[in-house]
Amino acid sequence: MSDADLDAPTPAEGWSVRDAVAHLAGTDHEASLAATRPDEFVAGLVEVARDIEGFLVGQLEARRHLTRERLLASWQAGFDGMVAAFTSVPPGTKVPWYGPPMSPPSFATARLMEYWAHGQDVADALGVQRTPTARLRHVAHLGVRTRAFAFVNRGLEPDPTPVAVVLTAPDGTTWQYGDTGADDAVTGSALDFCLLVTQRRHRDDLALTATGACADRWLDLAQCFAGPPGPGRPPQQARS
(Lines give C-alpha, C1' and ligand atoms only; values in the text may rest on other atoms or scores of the structure.)
Protein backbone atom coordinates (compact mmCIF):
# COMPACT_ATOMS: atom_id res chain seq x y z
CA MET A 1 0.00 0.00 0.00
CA SER A 2 1.51 3.30 -1.11
CA ASP A 3 1.02 6.77 0.36
CA ALA A 4 -1.21 7.54 -2.61
CA ASP A 5 -3.32 4.49 -1.80
CA LEU A 6 -3.80 5.73 1.75
CA ASP A 7 -5.13 9.02 0.44
CA ALA A 8 -7.60 7.39 -1.98
CA PRO A 9 -11.25 8.24 -1.17
CA THR A 10 -13.51 5.37 -0.17
CA PRO A 11 -17.26 5.04 -0.80
CA ALA A 12 -17.77 6.14 2.83
CA GLU A 13 -18.35 9.86 2.34
CA GLY A 14 -15.41 11.95 3.55
CA TRP A 15 -13.27 8.93 4.46
CA SER A 16 -10.00 7.93 2.82
CA VAL A 17 -8.29 4.56 3.01
CA ARG A 18 -6.16 6.01 5.80
CA ASP A 19 -9.31 6.92 7.69
CA ALA A 20 -10.69 3.38 7.36
CA VAL A 21 -7.41 1.97 8.73
CA ALA A 22 -7.34 4.57 11.53
CA HIS A 23 -10.90 3.73 12.52
CA LEU A 24 -10.14 0.01 12.70
CA ALA A 25 -6.97 0.69 14.68
CA GLY A 26 -8.75 3.02 17.09
CA THR A 27 -11.61 0.61 17.62
CA ASP A 28 -9.20 -2.28 18.22
CA HIS A 29 -7.71 -0.16 21.00
CA GLU A 30 -11.17 0.40 22.49
CA ALA A 31 -11.92 -3.33 22.24
CA SER A 32 -8.74 -4.16 24.15
CA LEU A 33 -9.73 -1.64 26.82
CA ALA A 34 -13.22 -3.17 27.09
CA ALA A 35 -11.76 -6.65 27.51
CA THR A 36 -9.00 -5.79 30.00
CA ARG A 37 -10.38 -2.78 31.91
CA PRO A 38 -14.16 -2.96 31.46
CA ASP A 39 -14.97 -0.46 34.22
CA GLU A 40 -12.78 2.17 32.58
CA PHE A 41 -14.37 1.48 29.20
CA VAL A 42 -17.92 1.74 30.58
CA ALA A 43 -17.06 5.00 32.35
CA GLY A 44 -16.08 6.49 28.99
CA LEU A 45 -19.33 5.53 27.27
CA VAL A 46 -21.14 8.58 28.64
CA GLU A 47 -18.68 10.92 26.96
CA VAL A 48 -18.85 8.99 23.70
CA ALA A 49 -22.66 9.11 23.73
CA ARG A 50 -22.57 12.91 24.02
CA ASP A 51 -20.74 13.23 20.71
CA ILE A 52 -20.46 10.01 18.72
CA GLU A 53 -19.39 11.82 15.57
CA GLY A 54 -16.69 13.70 17.47
CA PHE A 55 -15.43 10.46 18.96
CA LEU A 56 -15.10 8.86 15.52
CA VAL A 57 -13.41 11.92 14.06
CA GLY A 58 -10.99 11.90 16.99
CA GLN A 59 -9.90 8.36 16.08
CA LEU A 60 -9.02 9.56 12.59
CA GLU A 61 -7.32 12.80 13.54
CA ALA A 62 -5.14 11.09 16.14
CA ARG A 63 -3.55 9.01 13.38
CA ARG A 64 -3.45 11.37 10.40
CA HIS A 65 0.07 12.57 11.22
CA LEU A 66 1.53 9.06 11.20
CA THR A 67 3.71 7.89 8.34
CA ARG A 68 2.47 4.91 6.39
CA GLU A 69 4.97 2.64 8.13
CA ARG A 70 4.03 3.82 11.64
CA LEU A 71 0.31 3.69 10.91
CA LEU A 72 0.41 0.12 9.65
CA ALA A 73 2.80 -1.03 12.40
CA SER A 74 0.67 0.48 15.17
CA TRP A 75 -2.45 -0.99 13.60
CA GLN A 76 -0.90 -4.48 13.58
CA ALA A 77 0.32 -4.12 17.16
CA GLY A 78 -3.12 -2.99 18.30
CA PHE A 79 -4.80 -5.88 16.51
CA ASP A 80 -2.43 -8.39 18.12
CA GLY A 81 -3.11 -6.79 21.50
CA MET A 82 -6.86 -7.06 20.98
CA VAL A 83 -6.65 -10.76 20.12
CA ALA A 84 -4.50 -11.37 23.21
CA ALA A 85 -7.01 -9.42 25.32
CA PHE A 86 -9.90 -11.58 24.11
CA THR A 87 -8.06 -14.78 25.07
CA SER A 88 -7.49 -13.47 28.60
CA VAL A 89 -11.18 -12.88 29.37
CA PRO A 90 -12.49 -15.50 31.85
CA PRO A 91 -15.06 -17.94 30.42
CA GLY A 92 -18.64 -16.80 30.89
CA THR A 93 -17.69 -13.11 31.06
CA LYS A 94 -19.58 -10.56 28.97
CA VAL A 95 -17.43 -7.78 27.53
CA PRO A 96 -19.07 -4.31 27.39
CA TRP A 97 -19.34 -2.52 24.07
CA TYR A 98 -21.25 0.26 22.30
CA GLY A 99 -24.11 -2.19 21.78
CA PRO A 100 -25.10 -5.05 24.11
CA PRO A 101 -22.28 -6.76 26.09
CA MET A 102 -20.89 -9.81 24.31
CA SER A 103 -18.96 -12.99 25.03
CA PRO A 104 -15.37 -12.96 23.68
CA PRO A 105 -16.28 -15.25 20.73
CA SER A 106 -19.23 -13.01 19.81
CA PHE A 107 -17.03 -9.92 20.22
CA ALA A 108 -14.40 -11.42 17.92
CA THR A 109 -17.14 -12.16 15.38
CA ALA A 110 -18.29 -8.54 15.55
CA ARG A 111 -14.73 -7.34 14.96
CA LEU A 112 -14.40 -9.69 11.98
CA MET A 113 -17.58 -8.14 10.57
CA GLU A 114 -16.17 -4.63 11.03
CA TYR A 115 -12.92 -5.59 9.34
CA TRP A 116 -14.77 -7.15 6.45
CA ALA A 117 -17.08 -4.16 6.02
CA HIS A 118 -14.38 -1.49 6.14
CA GLY A 119 -12.16 -3.76 4.10
CA GLN A 120 -14.82 -3.62 1.40
CA ASP A 121 -14.55 0.17 1.43
CA VAL A 122 -10.79 -0.11 0.97
CA ALA A 123 -11.15 -2.69 -1.80
CA ASP A 124 -13.66 -0.47 -3.61
CA ALA A 125 -11.38 2.55 -3.24
CA LEU A 126 -8.42 0.69 -4.74
CA GLY A 127 -10.36 -1.24 -7.38
CA VAL A 128 -9.56 -4.61 -5.80
CA GLN A 129 -11.84 -7.62 -6.15
CA ARG A 130 -11.95 -9.82 -3.05
CA THR A 131 -12.73 -13.52 -3.26
CA PRO A 132 -15.56 -14.39 -0.82
CA THR A 133 -14.92 -17.33 1.50
CA ALA A 134 -16.78 -19.39 4.09
CA ARG A 135 -15.79 -16.81 6.73
CA LEU A 136 -18.71 -14.74 5.44
CA ARG A 137 -20.84 -17.01 7.59
CA HIS A 138 -19.79 -14.95 10.63
CA VAL A 139 -21.12 -11.78 8.99
CA ALA A 140 -24.30 -13.49 7.80
CA HIS A 141 -24.89 -14.83 11.31
CA LEU A 142 -24.67 -11.31 12.76
CA GLY A 143 -26.93 -10.01 10.01
CA VAL A 144 -29.64 -12.45 11.03
CA ARG A 145 -29.14 -11.99 14.78
CA THR A 146 -29.45 -8.19 14.53
CA ARG A 147 -32.80 -8.15 12.75
CA ALA A 148 -34.68 -6.80 15.80
CA PHE A 149 -31.85 -4.33 16.51
CA ALA A 150 -32.27 -2.81 13.04
CA PHE A 151 -35.85 -1.85 13.98
CA VAL A 152 -35.13 -0.72 17.55
CA ASN A 153 -32.18 1.35 16.35
CA ARG A 154 -34.63 3.43 14.33
CA GLY A 155 -37.17 3.75 17.11
CA LEU A 156 -39.44 1.14 15.55
CA GLU A 157 -41.18 -1.83 17.12
CA PRO A 158 -39.57 -5.10 15.93
CA ASP A 159 -41.85 -7.28 13.84
CA PRO A 160 -42.05 -10.76 15.45
CA THR A 161 -43.11 -12.44 12.21
CA PRO A 162 -40.85 -15.46 11.57
CA VAL A 163 -38.51 -14.99 8.61
CA ALA A 164 -36.55 -17.77 6.96
CA VAL A 165 -33.12 -16.83 5.59
CA VAL A 166 -31.69 -19.13 2.92
CA LEU A 167 -28.35 -18.07 1.48
CA THR A 168 -26.07 -19.54 -1.15
CA ALA A 169 -22.55 -19.76 0.27
CA PRO A 170 -19.43 -18.98 -1.79
CA ASP A 171 -18.82 -22.71 -2.32
CA GLY A 172 -22.38 -23.31 -3.53
CA THR A 173 -23.71 -24.88 -0.35
CA THR A 174 -26.73 -23.48 1.49
CA TRP A 175 -26.79 -21.61 4.80
CA GLN A 176 -30.18 -21.58 6.50
CA TYR A 177 -31.36 -19.49 9.45
CA GLY A 178 -34.64 -19.12 11.28
CA ASP A 179 -37.82 -21.06 10.65
CA THR A 180 -37.30 -22.53 7.20
CA GLY A 181 -41.05 -23.17 6.96
CA ALA A 182 -41.95 -19.51 7.54
CA ASP A 183 -44.09 -17.72 4.97
CA ASP A 184 -41.73 -14.73 4.99
CA ALA A 185 -38.26 -15.40 3.60
CA VAL A 186 -35.04 -13.82 2.38
CA THR A 187 -33.12 -15.70 -0.29
CA GLY A 188 -30.03 -14.97 -2.35
CA SER A 189 -26.26 -15.10 -2.18
CA ALA A 190 -24.48 -14.91 1.17
CA LEU A 191 -22.16 -12.25 -0.25
CA ASP A 192 -25.05 -9.99 -1.23
CA PHE A 193 -26.73 -10.48 2.15
CA CYS A 194 -23.50 -9.51 3.93
CA LEU A 195 -23.07 -6.45 1.71
CA LEU A 196 -26.62 -5.41 2.60
CA VAL A 197 -26.49 -5.86 6.39
CA THR A 198 -23.15 -4.00 6.56
CA GLN A 199 -24.68 -1.30 4.33
CA ARG A 200 -21.89 -1.56 1.75
CA ARG A 201 -24.30 -1.86 -1.18
CA HIS A 202 -27.78 -0.56 -1.86
CA ARG A 203 -30.50 -3.15 -1.89
CA ASP A 204 -31.35 -2.33 -5.50
CA ASP A 205 -27.86 -3.46 -6.57
CA LEU A 206 -28.09 -6.87 -4.91
CA ALA A 207 -29.67 -10.17 -5.95
CA LEU A 208 -31.71 -10.70 -2.81
CA THR A 209 -35.38 -11.70 -2.83
CA ALA A 210 -37.77 -10.88 0.00
CA THR A 211 -41.01 -12.82 0.26
CA GLY A 212 -43.60 -11.27 2.59
CA ALA A 213 -44.06 -7.79 4.02
CA CYS A 214 -41.92 -8.36 7.12
CA ALA A 215 -38.95 -9.70 5.17
CA ASP A 216 -39.28 -6.87 2.67
CA ARG A 217 -39.28 -4.20 5.38
CA TRP A 218 -36.32 -5.79 7.16
CA LEU A 219 -34.15 -5.60 4.05
CA ASP A 220 -34.84 -1.87 3.85
CA LEU A 221 -33.64 -1.38 7.45
CA ALA A 222 -30.96 -4.07 7.86
CA GLN A 223 -27.92 -3.05 9.92
CA CYS A 224 -25.61 -5.43 11.76
CA PHE A 225 -23.17 -2.90 13.26
CA ALA A 226 -23.51 -0.85 16.43
CA GLY A 227 -24.16 2.87 16.21
CA PRO A 228 -26.85 5.16 14.85
CA PRO A 229 -28.64 4.24 11.62
CA GLY A 230 -26.39 4.95 8.68
CA PRO A 231 -27.51 6.38 5.35
CA GLY A 232 -26.10 3.36 3.52
CA ARG A 233 -24.88 3.52 -0.05
CA PRO A 234 -26.81 5.08 -2.92
CA PRO A 235 -27.88 2.74 -5.72
CA GLN A 236 -25.42 2.25 -8.55
CA GLN A 237 -27.64 4.17 -10.98
CA ALA A 238 -27.51 7.23 -8.71
CA ARG A 239 -23.69 7.04 -8.59
CA SER A 240 -23.22 6.79 -12.36
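Note: the structure precedes this text.
Presented here is an overview of the structure given in this document. Bear in mind that the values here come from a model prediction, so they are computed numbers and not experimental data.

About the criteria used
- Residues numbered from 1 in each chain as written.
- Predicted model: local features only at pLDDT ≥ 70, side-chain atom pairs only at ≥ 80, totals over all residues.
- Heavy atoms only, no water.
- Helix = DSSP H or I, 4+ residues; strand = E, 2+ residues; numbered from the N terminus.
- Rg over C-alpha atoms; globule rule 2.2 N^0.38 Å.
- Buried < 20%, exposed > 50% of the residue type's maximum accessible area, 1.4 Å probe, protein only.
- Contact = heavy atoms within 4.5 Å.
- Areas by Shrake-Rupley, 256 points an atom, 1.4 Å probe, with all protein chains shown as cover.
- Core = buried A, V, L, I, M, F, W, Y, C linked by side-chain atoms within 4.5 Å.
- Pairing = 2+ DSSP bridges.
- Lys, Arg positive; Asp, Glu negative; His and termini not counted.
- Salt bridge = Lys/Arg side-chain N within 4 Å of Asp/Glu carboxyl O.
- Axes fitted to C-alpha atoms, helices over the stretch in contact; angles between N-to-C directions.

Comments concerning the overall build of the protein
Thinking step 1. The number of helices and strands found in the protein is eleven helices and four strands.
Thinking step 2. Taken over the C-alpha trace, the protein has a radius of gyration of 18 Å; the compact-globule value for 240 residues is 18 Å, and the two agree within 12%.
Thinking step 3. C-alpha extents for the protein along the principal axes are approximately 50 × 45 × 35 Å.
Thinking step 4. Of all 240 residues assigned to the protein, the portion counted as buried reaches 41%.
Thinking step 5. Of the contacts formed within the protein by residues at least 6 apart in sequence, a portion of 63% connects residues at least 24 apart.
Thinking step 6. Taken as a whole, the protein presents about 12400 Å² of accessible surface, with 55% of it coming from carbon and sulfur.

So, the nonpolar core
Thinking step 1. Of all hydrophobic cores here, the largest spans 46 residues; its most connected members are Phe107, Leu167, Trp175, Val186, Phe193 and Trp218.
Thinking step 2. The element that contributes the greatest number of residues to this core is helix H9 (residues 190–197), accounting for six residues.
Thinking step 3. The contacts of phenylalanine 107, once residues within four sequence positions are left out, are Ala31, Ala34, Phe86, Val95, Pro96, Trp97 and Met102.
Thinking step 4. Among the nonpolar cores identified, the runner-up in size contains eight residues, and Leu6, Val21, Leu71 and Val122 belong to it.

A word on the pairing of strand S3 (residues 184–189)
The two faces of a sheet get side chains in turn, since along a regular strand they alternate between them.
Thinking step 1. In this structure, strand S1 (residues 163–168) lies alongside S3, joined through six bridges in parallel fashion. What sits directly across from valine 163, in S3, is aspartate 184.
Thinking step 2. Note that S3 and strand S4 (residues 208–211) share four bridges and pair antiparallel. Across the sheet, the residue bridging to threonine 187 is threonine 209, located in S4.

So, the side chain of glutamate 114
Thinking step 1. Looking at the element boundaries, glutamate 114 is found in helix H6 (residues 104–126).
Thinking step 2. No salt bridge is formed by the buried glutamate 114; its nearest oppositely charged neighbour, arginine 111, is found at 4.5 Å.
Thinking step 3. Each residue touching glutamate 114, except ones within four places of it in the same chain, is listed here: His23, Leu24, Gly119 and Phe225.

Quick notes on helix H7 (residues 136–145)
Thinking step 1. Three or more residues of H7 are buried, namely Leu136, Val139, Ala140, Leu142, Gly143 and Val144.
Thinking step 2. Residues of H7 that are buried sit in contact with H6, helix H8 (147–152), S1, strand S2 (174–177), H9 and helix H10 (213–221).

As for the sheet that holds S3
Thinking step 1. Here we have four strands laid out as an open sheet, ordered S2-S1-S3-S4, and mixed in their pairing. Unpaired on one side and paired on the other, S2 and S4 mark the two borders of the sheet. Across the sheet, the mean angle from the axis of one strand to that of its neighbour is 10°, orientation sign disregarded.
Thinking step 2. Seen against the sheet, H9 touches S1, S2, S3 and S4 and runs at an angle of roughly 110° to S3.
Thinking step 3. On top of the sheet, H10 reaches S1, S3 and S4; it is set at about 50° to S3, its chief contact.

Points about the environment of aspartate 216
Thinking step 1. Position of aspartate 216 relative to the elements: it lies in helix H10.
Thinking step 2. Among the residues examined, aspartate 216 registers a relative accessible area of 33% and is labelled partly exposed.
Thinking step 3. With 97 residues separating them along the chain, aspartate 216 and glycine 119 place their C-alpha atoms 27 Å apart.
Thinking step 4. Sequence-distant contacts of aspartate 216, defined by excluding residues within four places in its chain, comprise Arg203 and Ala210.

Quick notes on the environment of proline 38
Thinking step 1. Positionally, proline 38 belongs in helix H3 (residues 38–50).
Thinking step 2. Residues proline 38 and tryptophan 97, 59 residues apart in the sequence, show an inter-C-alpha distance of 9.0 Å.
Thinking step 3. In this structure, proline 38 is in contact with Leu33 and Pro96, ignoring residues within four places of it in sequence.

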